[in-house]
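# Working through the structure, step by step
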Amino acid sequence: MNGRAIRSVHARRVWDSRGRPTVEAEVSLQDDSIGRAIVPAGASRGTREALDLRDSTARFGGLDVLGAVGNVNGEIARVVIGCAADDQAGLDQRLIDLDATPAKTRLGANATLAVSMAAAHAAAASLHLPLYRYLGGPDATMLPLPQIQIFGGGAHAGRRIDIQDFMVVCPGARDFGQAIEWSAEVYRCAGVLMQQRGSRFGVADEGGWWPDFATNEQALETLVTAIERAGFVPGGQVAIALDVAASEFGRQGRYTLALESRQLDSDALIELLLRWIDRYPIVSIEDPLAEDDAQAFARFTQAAGHRLQIVGDDLLVSHAPLVRQAAAIGAANTVLLKPNQRGTLTETLRAWQAAQSVGYAGIVSARSGETEDTTIVHLAIGWQAGQIKVGAFARGERMAKWNEALRIEERLGGRARFAGAAVFGCNRPKAPASAGR
Ligand code: PGA
Ligand code: ZN
């Protein structure tokens, strides 16, 4: 009998950082190894994501997950018991076949992903390896460049500001620990600055300051000031990354910037973003256009992709075929990787492999509804994605990830490398226009 065969699977309902129900799974192996994982939940979701299955009852605002939990404890457990936990692709294929729908609408991606991740943890435990090492082998020694949120907006802050994430990255940092130190200082200085200006209203869903700005551009100006107050050179040492999350305020080529009472068409939004890129040290923009505006997304990539990273989140939803489609028209040059957009680790990894094959970069990302689960940190290092996005430098569910990465960096010691400016920078090595070929 294979000691790594799954002996039992158990799911329970636990709670996320918004106080909403979510799914935790525990997988036990024949050799008594145990793995456990909790699934996160998004608020600004792409329409082509796999389904986050919620109950049809009114409990907890219609967000209960007892159905998904039941699916794990019933159908899924019956099919995966006896499977080898260290055959991730085989196990995930069983989950895919059992659900048998393109978007996990029958069993729920929250049900399948909980088991997929818990099995990986159990296999790693059985081999006495940390998860990143189990996933990536001895060469998985590169710590990712973190994107750290300073101001939260969009769907994460009552739409107080249109742009969803105002983040910093530290391409000038020497290692992961230093990137964290620098970001901590910028976060703190931004908070002090807003306190002094009377524009600080607590924190948003991912821990970024909940701002009270008159315009979206004021947030950019304030962020540059915060970087300077923290003692850094904007651009070279600490740069800006945005998640515009344009699908949240745009449809069919019409975009509404509610904060500024402005309506823009796709080209006007592109013009606005190009102006911001000229004026501010922005090195990465996620979802600059909406998911239903792929041609405009491609036009923006054509215009700016040689100068900065252009990330597809809602556009690509961690789905390999969509990555290949986007590459064929030259839209985006980087994929955001969120395992619950697909529902298994293997499918998420396939999206990353598809991205690499077309010359795109990758960012492993948390969701706005998170927990103490740190699996994504191990994915970012194990898969050598080069970048990670977790939210701000506040709230336990965010800090759990940063702290886990610090532990891993320390454990790797002299073998630790840092993605830093090498995977990311003002001059990307590959022009996006040729990425599809
Ligand atoms: P979500 O947002 O987790 O609320 O969907 C995160 C993102 O858009 O990157
Ligand atoms: Zn996003």
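Just so we're clear, the structure is a prediction, and the values are computed from it rather than from any experiment.

## Comments concerning the site of ligand 1
Ligand 1 sits among 14 residues. The nearest are A43, H156, R367, S368 and K389. One nitrogen or oxygen atom from the side chain of H156 is found 2.7 Å from an oxygen atom belonging to ligand 1. The contact in question runs from an oxygen atom of ligand 1 to an N or O atom on the side chain of R367, over 2.7 Å. The fraction of the free accessible surface of ligand 1 (280 Å²) that becomes covered by protein chains is 99%. Partitioning the shell around ligand 1 into residue classes produces 2 nonpolar, 5 polar and 7 charged. Split by domain, the residues of the shell around ligand 1 number at least three in each of domain 1 (6-128) and domain 2 (137-427).

## A few points about the domain arrangement of the protein
Looking at the assigned domains, one finds that the protein contains domain 1 (6-128) and domain 2 (137-427). In this structure, domain 1 and domain 2 have C-alpha centres spaced 27 Å apart. Between domain 1 and domain 2, the contact holds 35 residues from the first and 31 residues from the second. Both sides of the domain 1 and domain 2 interface together cover about 2700 Å² of buried area, and 48% of this is carbon and sulfur. Among the residues domain 1 hides against domain 2, the three largest losses belong to S17, S44 and R48. Together they make up 25% of the total. Viewed at the interface, domain 2 and domain 1 are joined by 3 salt bridges. Of the charged contacts in the structure, one is a salt bridge between K104 and E347, with a shortest N-O distance of 2.9 Å. Here domain 1 and domain 2 share 22 residue pairs in polar contact (both at pLDDT 80 or more) between them. When contributions to the side of domain 1 that touches domain 2 are tallied by element, the ones reaching two or more residues are β3 (34-38), α3 (88-99) and α4 (109-126). Ranked by the residues each element gives to the side of domain 1 that touches domain 2, the list is headed by α4, at 7 residues. Residues that form the side of domain 1 that touches domain 2 fall into these classes: 16 nonpolar, 11 polar and 8 charged.

Reading the values: rules and limits
- Residues numbered from 1 in each chain as written.
- Chains lettered and ligands numbered in written order.
- Predicted model: local features only at pLDDT ≥ 70, side-chain atom pairs only at ≥ 80, totals over all residues.
- Heavy atoms only, no water.
- Near = heavy atom within 4 Å.
- Polar contact = N/O pair within 3.5 Å; in protein donor to acceptor, adjacent residues only side chain to side chain.
- Areas by Shrake-Rupley, 256 points an atom, 1.4 Å probe, with all protein chains shown as cover.
- Nonpolar A, V, L, I, M, F, W, Y, C, P; charged D, E, K, R; others polar.
- Domains from an automatic or database assignment.
- Contact = heavy atoms within 4.5 Å.
- Buried area = accessible area lost by both parts, 1.4 Å probe.
- Salt bridge = Lys/Arg side-chain N within 4 Å of Asp/Glu carboxyl O.
- Helix = DSSP H or I, 4+ residues; strand = E, 2+ residues; numbered from the N terminus.

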